[in-house]
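# Residue-level structure breakdown
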Amino acid sequence: MTVIRHPRPASVRHRQWPLCRRCSGLALDLGSARTRAWIAGRGMVLDVPTVTFPGTGAVHPIQRGTIVDTAGTARMLDRLLGHRLPRLGRPLVVVTAPVLDGLAFRTAARTAVEILRPRAVLTVPGARAVALAAGADHVRPLLVVDIGAHLTEVVLLADGAVTDARRTALGTGDLTDGTAPALITEAVVEMVSAMLRQDRTALTRVALRRGVLLAGGGALRPDITRDLPGGLGCPVQPVPSPHTAAVRGAAGLLAAAHHHPSLTGTV
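These numbers were taken from a predicted model, which means no experiment stands behind them.

### Examining the overall build of the protein
A tally of helices and strands in the protein yields eight helices and 13 strands. Evaluated residue by residue, the protein yields a buried proportion of 52% over its 267 residues. For the protein, long-range pairs separated by at least 24 residues make up 67% of all intrachain contacts whose partners lie at least 6 apart in sequence. Carbon together with sulfur atoms contributes 54% to the accessible area of the protein, which is approximately 11800 Å² in total.

Encoded structure:
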């Protein structure tokens, strides 16, 4: 389990995003199991396995929240999206990123996305994108649990910014290997309990009283959604279409960037 606690000063929490009313736009959610893409004006255009074919069989360039093959990721994006984007103009691209190891992921993602000749590449924490897709109130503390195929993140948001995060290299894709769903539930409960013990601000406790926002493929599994509220002792609310929430939230940021001269975000 990996831990991060990094409340960011207000001076770096808010930055301007470029105004882009005329350029095309692309939202990307690069997961270890699935790659999802949303093109402005066309909606969701991709929901496919994250795989590339360098000539020696299928290779997975993203593994458990880490881009392990940047060149392979670029080839995959070119194959999937190169022919879908307008030939004229350069797209504004918004990419979701895991909170932990986010700097390495963002750097690799920007390098890979260069194959699409972007006008600019913006990144947003996946948990924040989920909250945006759910239309959640960002002013109050919010706890987001994202259970993906090979990675589970628990993220505390306060005023839209990440204040604490935990993750474990375990997800729904591991359940086919004989792993009981209860292990994912137990891992989430352990991460939230650790947050409570180490939080000197009471933000985690306030967020739990509000309830947990659940996203990712794990939110579609009744055996997880049934047991998680009892383990956490609070309501658990799956977001609508939880497996695509991150890319839809990124698409919402993309639309805002197209119509507003500035907005709060992570660049």
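### Some thoughts on the packing of helix α5 (residues 181-198) against helix α7 (residues 222-232)
Across the interface, α5 lies against α7 with an axial gap of 9 Å and an inter-helix angle of 30°. The angle between the axes of α5 and α7 places the two elements in the roughly parallel class. In the crossing of α5 with α7, the sense of the turn from one axis to the other is right-handed. In this structure, α5 uses Pro-181, Ile-184, Thr-185, Val-188, Val-189 and Val-192 to contact α7, whose residues at the interface are Asp-223, Ile-224, Asp-227, Leu-228, Gly-231 and Leu-232. Broken down by class, the residue content of the contact of α5 with α7 amounts to eight nonpolar, two polar and two charged.

### A short note on the environment of Glu-114
Looking at where Glu-114 falls in the secondary structure, it is placed in the loop between α3 (102-113) and β8 (120-125). On the accessibility criterion, Glu-114 (45% relative accessible area) is partly exposed. Along the backbone, Glu-114 and Asp-78 are 36 residues apart, and their C-alpha atoms lie at a distance of 9.7 Å.

What counts, and where the lines are drawn
Residues numbered from 1 in each chain as written. Predicted model: local features only at pLDDT ≥ 70, side-chain atom pairs only at ≥ 80, totals over all residues. Heavy atoms only, no water. Helix = DSSP H or I, 4+ residues; strand = E, 2+ residues; numbered from the N terminus. Buried < 20%, exposed > 50% of the residue type's maximum accessible area, 1.4 Å probe, protein only. Contact = heavy atoms within 4.5 Å. Areas by Shrake-Rupley, 256 points an atom, 1.4 Å probe, with all protein chains shown as cover. Axes fitted to C-alpha atoms, helices over the stretch in contact; angles between N-to-C directions. Parallel < 35°, antiparallel > 145°, perpendicular 65-115°, else oblique. Left-handed = near helix turned anticlockwise from the far one by under 90°. Nonpolar A, V, L, I, M, F, W, Y, C, P; charged D, E, K, R; others polar.

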